[in-house]
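# Descriptive structure summary
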Amino acid sequence: MPTPPNPEFEAECIRRILAGEKQLFHELIGPCERSIYFLLLSLLGNETDAEDAAQETVIKVYQNLRLFRGESQFRTWVLSIARNEGLGRLRKVNARREDSLDAETDQVTGDYTPAILTSWREVPLEALERQELGEMLRAAIASLPAIYRNVVLLRDIEEMDVRETAQALGITEGAVKVRLHRARALLQRELAPKLKGFAPKRKRLLGWSS
Amino acid sequence: MRIDCKHVWEYISAYIDGEVDAELRAHIDKHLETCEICSAVLDSTRNVVVLVADDRVFELPAGFSKRLHERIEDVIQSDSA
């Protein structure tokens, strides 16, 4: 579970780091590590680049700590630095991607009709003990267009609120909601038919039936 | 106001996040009582959201945190030198 931000602790920590207690930076950045890494993984698409960019991000945060004004949450500020680091790398390799990460408009037409089902048996969290289920979920998220993947990652996986997600990604709160809705619809359509096999079997009333 | 299935699908994400107003929520709830398709779509979407949020789905690479903090320590040390 992601650690909830604690603004008082962060402000105190930053003050003391800037006053010379530099070791405290380890504690300050700890709760942001996961979000930094997964945001960069969603932008860059591979673990090695994401880890390298995550390290660069954290160094930049350390070196620019006195620029943090407390106008947003610390994690939001950190993630906007991570996002810039990720976008900078994408531009450098001149990766022409099909989907622009800077796209401001959400006018794209697409089919967000869900998979139509007539009943649903819930897949319990215990089913995640089966590796194939985790792989299936990761593959479905990886296959989302990047602008949707980023939002799912921050909202549903890192459990950030709409405002913080919007600030970290440099988009409006409305765009966060639209993209999250579409992402979830795409995930439901992709996953629901496959997930059925992971639901617990109904107990048979007659023990001897084949 | 009667709402149809497509209308419900448009609000599923906001419904899950508790972001629809009371009036719309009441209309959606009423629709869900009699529409097994929308109920199944809502339940499966909610199930997908819960599953992807589990920490076991997205784990940091082994040793990520250790390597990160070693790098930080290097920078702090050279900063203090």
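Calculation rules
- Residues numbered from 1 in each chain as written.
- Chains lettered and ligands numbered in written order.
- Predicted model: local features only at pLDDT ≥ 70, side-chain atom pairs only at ≥ 80, totals over all residues.
- Heavy atoms only, no water.
- Phe/Tyr/Trp six-rings, centres within 6.5 Å; stacked < 30°, edge-to-face > 60°.
- Helix = DSSP H or I, 4+ residues; strand = E, 2+ residues; numbered from the N terminus.
- Buried < 20%, exposed > 50% of the residue type's maximum accessible area, 1.4 Å probe, protein only.
- Lys NZ or Arg CZ within 6 Å of the ring centre and 35° of its normal.
- Contact = heavy atoms within 4.5 Å.
- Salt bridge = Lys/Arg side-chain N within 4 Å of Asp/Glu carboxyl O.

### Quick notes on the packing of aromatic side chains
Evaluation of the coordinates by the stated rule reveals 8 aromatic pairs over all chains. Aromatic pair A:Tyr112 and A:Tyr148: ring centres 6.3 Å apart, planes at 75 degrees, arrangement edge-to-face. Highlighted residues: A:Tyr112 in the loop between helix H5 (74-92) and helix H6 (131-142) and A:Tyr148 in helix H7 (residues 146-157), separated in sequence by 36 residues. Here A:Tyr112 falls in the partly exposed class, since its relative accessible area comes to 21%. Among the aromatic side chains, those forming a connected cluster through ring pairs are A:Tyr37, A:Phe38, B:Phe58 and B:Phe64. When the ring centre of B:Tyr15 is taken as reference, the NZ or CZ atom of B:Arg25 above it lies at 4.2 Å.

### So, the environment of A:Ile36
Residue and element names in this part refer to chain A. Counting through the fold element by element, Ile36 comes out in helix H3 (residues 33-44). As a C-alpha pair, Ile36 and Asp156 span 120 residues in sequence and 15 Å in three-dimensional space. Once residues within four sequence positions are removed from consideration, Ile36 is found in contact with Ile29, Ala54, Thr57, Val58, Val78, Leu79 and Ala82.

### Regarding the pattern of salt bridges
One pass over the full model with this rule turns up 19 salt bridges over all chains. Among the salt bridges present, the one from A:Glu129 reaches B:Arg56, with a minimum N-O distance of 2.5 Å. On the criterion of chain membership, the pair formed by A:Glu129 in the loop between H5 and H6 and B:Arg56 in the loop between helix H4 (36-52) and helix H5 (64-80) is interchain, its members lying in two chains. Between B:Glu70 and B:Lys66 there is a salt bridge, with its nearest N and O atoms 3.0 Å apart. Placement of both B:Glu70 and B:Lys66 in helix H5 is noted, with a separation of 4 residues, approximately one turn of the helix. Exposure remark for B:Lys66: the relative accessible area of 58% places this residue in the exposed category. One network of salt bridges, in which partners are shared, links A:Asp52, A:Lys60, A:Glu85 and A:Arg89.

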